[in-house]
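An overview of the molecular structure
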Amino acid sequence: MNQPRAVVIGAGIGGLTAAAALHLRGWAVTVLERAAALEPVGAGIALAPNAQRALDVIGVGDAVRAMSAWQGEGGLRTPSGRWLSRTTPDAAAERFGGPVVVAHRADLVGLLAALLPAGAVRTGTPAEVADPGEDGRPATVRATGGDGRSGVREYTADLVVAADGIHSAARQVLFPGHPAPRYAGFTAWRFVVPAPERPFSPHETWGPGSVWGTVPLHDGRVYAYATATVPAGERSPDGERAELLRRFGDWHHPVPDLLAAVRPDGVLRGDVYRAATAPPAYHQGRTALLGDAAHAMTPNLGQGGCQAIEDAVVLAHHAGPGAAGGAGLERRLAAYTRDRLPRTMEVVRRSGRIGRLTTWSSPPARALRTAAFTALDRLGPRLALRSLDGIADWEPPCAAYAAGPRGTRGGGGAAAP
Ligand SMILES: Cc1cc2nc3c(=O)[nH]c(=O)nc-3n(C[C@H](O)[C@H](O)[C@H](O)COP(=O)(O)OP(=O)(O)OC[C@H]3O[C@@H](n4cnc5c(N)ncnc54)[C@H](O)[C@@H]3O)c2cc1C
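These lines cover the structure that appears in this document, whether it is placed above or below.

The rules behind each value
Every chain is numbered on its own, with residues counted from 1 as its sequence reads. Per-residue local features of the predicted model are confined to residues with pLDDT of at least 70, and side-chain atom pairs are confined, for both listing and counting, to 80 or more; whole-chain, interface and lining totals are unaffected and use all residues. Computation of side-chain values covers all heavy atoms of the structure but excludes hydrogens and water. To get an axis, fit a line to the C-alpha atoms, keeping to the stretch in contact for a helix; angles then go from 0 to 180 degrees between the N-to-C directions. Only DSSP runs of H or I with at least four residues qualify as helices, and only runs of E with at least two residues qualify as strands; both kinds are numbered from the N terminus onward. Orientation categories follow fixed angle ranges, with anything under 35 degrees roughly parallel, anything over 145 roughly antiparallel, 65 to 115 roughly perpendicular, and all other angles oblique. By definition, any crossing whose near helix is turned counterclockwise from its far helix by less than a right angle is left-handed, and any crossing with a clockwise turn is right-handed. In what follows, a contact means two residues having at least one pair of non-hydrogen atoms within 4.5 Å. Basically, the charged four are Asp, Glu, Lys and Arg, the nonpolar ten are Ala, Val, Leu, Ile, Met, Phe, Trp, Tyr, Cys and Pro, and anything else, Gly included, counts as polar. A cavity here means a set of 1 Å grid points, computed over protein atoms only, where a 1.4 Å probe fits but cannot escape. A pocket is an open set with protein on both sides within 12 Å along at least 5 of 7 lines, and lining residues have an atom within 4 Å of a point. Grid points are joined across faces, edges and corners, and a volume is the space filled by probe spheres set on the points. Each pair of strands is called paired provided DSSP finds at least two bridges between the two strands. Whenever two N or O atoms come within 3.5 Å, that pair is a polar contact, provided that in protein one can donate a hydrogen and the other can accept it, and provided that, for residues adjacent in sequence, both atoms are side-chain atoms.

This part takes up the packing of helix α1 (residues 13–24) against helix α5 (residues 105–113). Two elements in contact, α1 and α5, have axes separated by 9 Å at closest approach and are oriented at 25°. Judged by the angle between their axes, α1 and α5 are roughly parallel. Every pair of crossing elements has a handedness; the one defined by α1 and α5 is left-handed. Across from Ile13, Leu16, Thr17 and Ala20 in α1, the residues of α5 making contact are Arg105, Leu108, Val109 and Leu112. Each residue belonging to the contact of α1 with α5 can be placed in one class, and the counts come to six nonpolar, one polar and one charged.

If you add up the space inside the second largest pocket, you get close to 200 Å³. Considering the residues around the second largest pocket, the lining is formed by Gly42, His104, Phe191, Val192, Val193, Pro194, Arg221, Ala261, Val262, Arg263, Gly266 and Leu268. When residues of the lining of the second largest pocket are assigned to their parent elements, the largest contribution, four residues, is made by strand β12 (residues 182–194). A class-by-class count of the residues in the lining of the second largest pocket yields seven nonpolar, three polar and two charged.

What follows deals with the sheet that holds strand β10 (residues 152–157). Strand order in this open sheet of three strands is β8-β9-β10, and the pairing throughout is antiparallel. Lying at the two open borders of the sheet, with one neighbouring strand each, are β8 (127–131) and β10. Between one strand axis and the next, the sheet turns through 30° on average, direction left out of account. Here strand β9 (residues 139–144) pairs with β10 via six bridges, running antiparallel. From the neighbouring strand, alanine 139 faces β10, where its bridge partner is alanine 157.

Tallying each qualifying case throughout the model produces one cavity of 30 Å³ or more. Its volume calculated, the largest cavity comes out at about 40 Å³. Forming the boundary of the largest cavity are Arg171, His178, Pro179, Pro181, Ala275, Thr277, Pro279, Asp292, Ala293, Ala294, His295 and Ala296. Broken down by element, the lining of the largest cavity gets its largest block of residues, four residues, from helix α9 (residues 292–295). Residues belonging to the lining of the largest cavity are distributed by class as follows: seven nonpolar, three polar and two charged.

A few words now on the environment of glutamate 330. By secondary structure assignment, the location of glutamate 330 is in helix α11 (residues 329–358). Sequence separation of glutamate 330 and arginine 286 is 44 residues, and the distance between their C-alpha atoms is 5.8 Å. Beyond its immediate sequence surroundings of up to four residues, glutamate 330 is in contact with Glu134, Asp135, His283 and Gly285. Within the local environment of glutamate 330, its side chain forms a polar contact with the backbone nitrogen of aspartate 135, the two atoms lying 2.8 Å apart.

Dropping the structure here:
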């Protein structure tokens, strides 16, 4: 029997997880990535137990846990350092079956890419959905470059996975006129630096219309992120480190030490967008939307990547081992939409609500917010944990795949363009 063929557009966390899961289910997979290299982003990513369980299905949950630092006690603070709420990894484990772990994105991407056969990922290869296909007709993807070739190449596939991120062109092809994601009202900065000498606890600190978070990574570095309520597209004329110093330079330890350690060009900045409305479906014909392409969300719950990872495993579950020619695939993709659209859009909404709270800047509004947090925190389980109820306790629809098809595992990664 011919092997069924899948083409994945986008080698972010969602696309790579989908490619790995489909490969492990017996699909021949090609991943087309526009960027010249995989995930150059120097930032961390929090992976809650829901995502870890999805990663267990493709056999890398333990490896991800091993590449993450034990977070220790941490919580929510004010800029002066007062604690509003504290929690521990043990409390999360008790509630959700495991702690939230934080990995470096490049490590996670490397691990996922290593699950794929050599040459499966083609970088420097922008791609578009030329035809989403239907039962009885394969889908077609048109790509430029790849394999060291120039010019345009067409790939036909039994299944196309469009994991091309927030500003997904594939989503526009599947659902023309569907409103693009909207600016969430705040921008985000991220960087990774060596840990400061003076010890610190992981924290997220809420100030006037702004947030700072610091979490340790497993290799002696820390991942720091910040957000602030500003008009879309605004950039600092004297550099983003200078902007962070102005906004956060007098916040509690370790913020000033981290700002002293980061290079002026070491800070990433990107405006935050969220899905304005749900697309009509997460599939059309033989093409599935996945990750931010389907459900862009604000980062406040740390779930955008986690939901992309869940999508990937659920998609591979419904796609099945795959018959050549992809018979019945539209029906299987409809099941993927049914499983994923309501859940992920609920996470988009919940995350957006928290995002809006972070934009409050007037003193009375902030005083009200602080009082509410303090009261809520006294009443029951810690705030950070409660916000993940119904999300972090998710279970995948299938057990772990025993091994790769025909024993293939790893080989890993990208073919140069
Ligand atoms: C500040 C911040 C902090 C965050 N923190 C967390 C966190 O702690 N935990 C968490 O789970 N999530 C977090 N997220 C969200 C998370 O980063 C995203 O949800 C996740 O990266 C989405 O993955 P993806 O694969 O769907 O999309 P992306 O990571 O955007 O990947 C899309 C890929 O497609 C490629 N591409 C685009 N167009 C084309 C094309 N035409 N042809 C070929 N390739 C193309 C892009 O180059 C890219 O590599 C955070 C987000 C932000 C902004």
